[in-house]
Each structure stands twice: as C-alpha cells, then as structure tokens.
Amino acid sequence: QSQFGSLAQQAPDSLLGLIRLFQEDQRPHKIDLGVGIFRDDQGLTPVLGAIKAAERILVEQQESKSYLGPVGDSGFVDLTARLALGDDLATSPSLVGLQTPGGNGALRLAFELLAEASKDSAVWVGSPTWMNHFPLIASTGLESRHHRFYDPATLRIDFDGMMSDLASAKPGDVLLLHGCCHNPTGATFSSAEWAEIIALCERQGLLPLIDFAYHGLGDGLEADAAPVRMFVENLPEAIVAYSCDKNFGMYRDRVGSLFVKAATLAQADAVRSQLFGTARAMWSMPPDHGAAACRIILSSPELRSVWQEELDTMRERINGLRQAVANSLPRLSAVANQRGLFSLLPISTDAVRLLREESAIYMAPDGRINIAGLSEANLAHFVEATSRFLE
Ligand code: PMP
C-alpha cells in the first residue's frame, strides 16, 4: 500500500520544457523568447553592478545571520514601501508591510489573507494573465472569475468589455491588477482608464490587489508607480504585492514585499498579526540575502544612482526593441505602445511549434514572447520567420 499511489502526474511547466529543448538545439541562429527574464544584447542576464557592490558590502559588514523578526529586513520593507508608494503613503500608520519570498510569496500571502477574511470573495482576473495567478488563487480556496481584458484583434485592451464584465462583481470581491508591464500582453491602461478603474472599485466596493512585479521597467520608476499610488491613496483598502526580482535582477534570490492598506488602525493590527501567522506557517521567515542587498542599494545615494542607471538601460533596451518590432511588422505596430518584457503574438499554437521546428525560435505555446530575447543580431530572422504566421 503506497501513500503516493493515488497521485496523478501534473502537466509539466511548458516554459521549463522549452529551456531544455532550447539548450539541446544546435542551430546557431536559435532565439530564446521563452522564459521571462531580462536579457542584454548578448542574450545574457548578468548580475547588476549595483547588486555586486552591495553584496560585497554585505559580506564585509554582516555580523550575524541570526533570525530576524517576522517583518524580515525592516529597512528593506520601509525602503521598498517608499519606492513603490512614495514617502507619505509608505509611512501611514494604517499601512502594513512585510518582506516576502519574491512577488510570488507576496501574492500567496495576500490571497491567504483574503481567504481568511472572507471565503466567499471572488478574485476577478483579466484574460489572459500570468499563468501562476490561477494556482496561487486556487491554493487558498478562493474562486477566480474572468473579465475581458485583451483583444487579440487589436492587440489592445478591451476596456469597455472589461468594465461591463466587472459590473457584475459583488462588494467585497477582489480585483487583481498588474501595476505595469502586463504579463503576458504588455498592454497598458491610460491614466484616464486607471482613474475609471479606481472609481469602479469605489462604487462597487471592490478591493484592488496590485501585482507590481516590474516597477521601473515600463516607463520609469515614478511613472510606473503613479497609478499604484492612486489606488492606495484614494481607496480605503488596497493591497500591493511588490517584487524586486526583475528591477534588481534578483530572480533566484526571491526578493519581495507585501503592503496592505487597512481602513483603521485596529484593522491594520489584525491584518499584521494575520500575515505574520500565515507566513510563519508557510515559510517562517523570508530569505535575507537579496533583500539585504537591495536595502544597501536603496539606502546609499551612490549605489542607488548606479542601480537607477542600470534600470534605465534595461528599460530603454526593451522599449527600443518594441519600437524596432513595430517598425518592421505593421501587424505588430501596437507593440511599440505596450510595456514590459512581454507581448502576445497573434499566432496559433501550431505556428508556435512551426517557428520552433523550422526557424529555431522558441516562445511560450500561447505566443507570448520575451521582447528582451530579441537583439540587433537576431531581429531580422525573427521578423522574417514570424511575418508568415501573424493572424
Ligand atoms: N507577477 C507577475 C505578473 C510575474 O510575471 C511574476 C514573475 N514571473 C511574478 C509576479 C513573481 O515574481 P517573483 O519572481 O518575484 O516571485
């Protein structure tokens, strides 16, 4: 009698499978547009110079690795709150913040909190969204509901469709939003649309949960944060799941934080104790190293400006490639106005397979491409091969 005999095989992660296929591919002109990481023009994802410098300081100065409290690195939490939300909102007594294992950990903790607060709240999610949102929501027992978001015909947001679907959301439901750099579509709301979404949340009593995983990689630190701050400022309650894994290039170090704005100080205390208890049952404490390195950067004017320049370079490379794709392929002209690492090509899953088999171009089965996987050297091959399949 085996304990594991009843377990079914889970579908393998499609992107991890692609990594292996790509590594085995011997064709010199192969292009990897699969995994969502920043790449430079050489296709590399080097450790940022600011991080290298901060890590040297950390190794030199760290005196103990004894446990930190449940907040994690409180300096890191304070500095990322200020970075994301600005000084005023970050220091409001009704804002609760703690360090988490990446944006993923922040999201999981947020959904756990929401499930504990109200089992019957639905989480509204635009279609399509980052694939991991669904297991994160489902693992807490919350129900997810879809609203229209992206129109593959125009490669733009179907804002009217979204608003009309959200009209059936109930008070207390949660609206999951990407702060900037939408994964997988890159589609962005205008400031007028952001304002309409805030008004909708207010009118219908919806709680916004903002997944803010690419701060600074869209239009810059201030511009990307502006809509997020509007939610936190204008609504009585709001949640922000923040990641430093992309904007500091810390992917495997798992650096993130969660911020919850509560309506009252008493509720903030309850939220805090709930988050501490849930985190303790899941990971006890978040990993320290990456957050400590980010704290060193954010608290040093010199390192901070080194980091901001590196962030600017990453963003400008992505946006330059977006413009180049739009210039070369008229069907993809909307790509120039999208932001972040990803765009969703209007092609079939068969076309995705043919591009891999015939042209050595690797992308997710849904046609999501990592723009940063393109380069001056491979753009012409990408344009030529892809143009045959665009719908
Ligand atoms: N949200 C979105 C939209 C993402 O794309 C990702 C990373 N792929 C995350 C959250 C999680 O980021 P992290 O690596 O910090 O857990």
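Residues numbered from 1 in each chain as written. Predicted model: local features only at pLDDT ≥ 70, side-chain atom pairs only at ≥ 80, totals over all residues.

A. View of helix 3 (residues 74-90). The end-to-end C-alpha separation of helix 3 is 13 Å, well short of the 24 Å expected for 17 residues at 1.5 Å each. The largest bend along helix 3 reaches roughly 100° and is located at A84. Those residues of helix 3 that sit buried are F76, V77, L79, T80, A81, L83, A84, L85, L89 and A90. Each element contacted by the buried residues of helix 3 is listed here: strand 2 (95-101), strand 8 (207-212), helix 8 (221-234), strand 9 (238-243), strand 10 (255-261) and helix 10 (289-298). (Helix = DSSP H or I, 4+ residues; strand = E, 2+ residues; numbered from the N terminus. Expected span 1.5 Å × (residues − 1). Bend = angle between axes of the 7 residues up to and from the residue. Buried ≥ 20, exposed ≤ 12 C-beta atoms within 10 Å, placed from the backbone. Contact = placed C-beta atoms within 7 Å.)

B. Broad picture of the UniProt feature "domain: Aminotransferase class I/classII large" (unreviewed entry) in the protein. The UniProt feature table records "domain: Aminotransferase class I/classII large" (unreviewed entry) at residues 29-385. Taken as a whole, residues 29-385 contains 45% helix and 16% strand, while its terminal C-alpha atoms sit 12 Å from one another. (UniProt positions renumbered as here; feature names shortened; annotations may be inferred.)

C. Representation of the site of the ligand. In the vicinity of the ligand there are 13 residues, among which G102, G103, N104, S243 and D245 approach most closely. For the shell around the ligand, the element with the most residues is helix 4 (residues 102-117), which contributes 3 residues. The class makeup of the residues in the shell around the ligand is 3 nonpolar, 8 polar and 2 charged. (Near = placed C-beta within 6 Å. Nonpolar A, V, L, I, M, F, W, Y, C, P; charged D, E, K, R; others polar.)

D. Examining the sheet that holds strand 8 more closely. One open sheet holds the 7 strands; their spatial order is 2-10-9-8-7-3-4, and the pairing between them is mixed. Either end of the sheet is taken by a strand with one partner, and the two such strands are strand 2 and strand 4 (143-148). The sheet shows a mean angle of 25° between the axes of neighbouring strands, direction not considered. Across 4 bridges, the pairing between strand 8 and strand 9 is parallel. Counterpart to F212 in the pairing with strand 9 is Y242. Here helix 3 sits on the sheet and contacts strand 2, strand 8, strand 9 and strand 10; the angle it forms with strand 2, its principal contact strand, is near 145°. (Pairing = 2+ DSSP bridges. Axes fitted to C-alpha atoms, helices over the stretch in contact; angles between N-to-C directions.)

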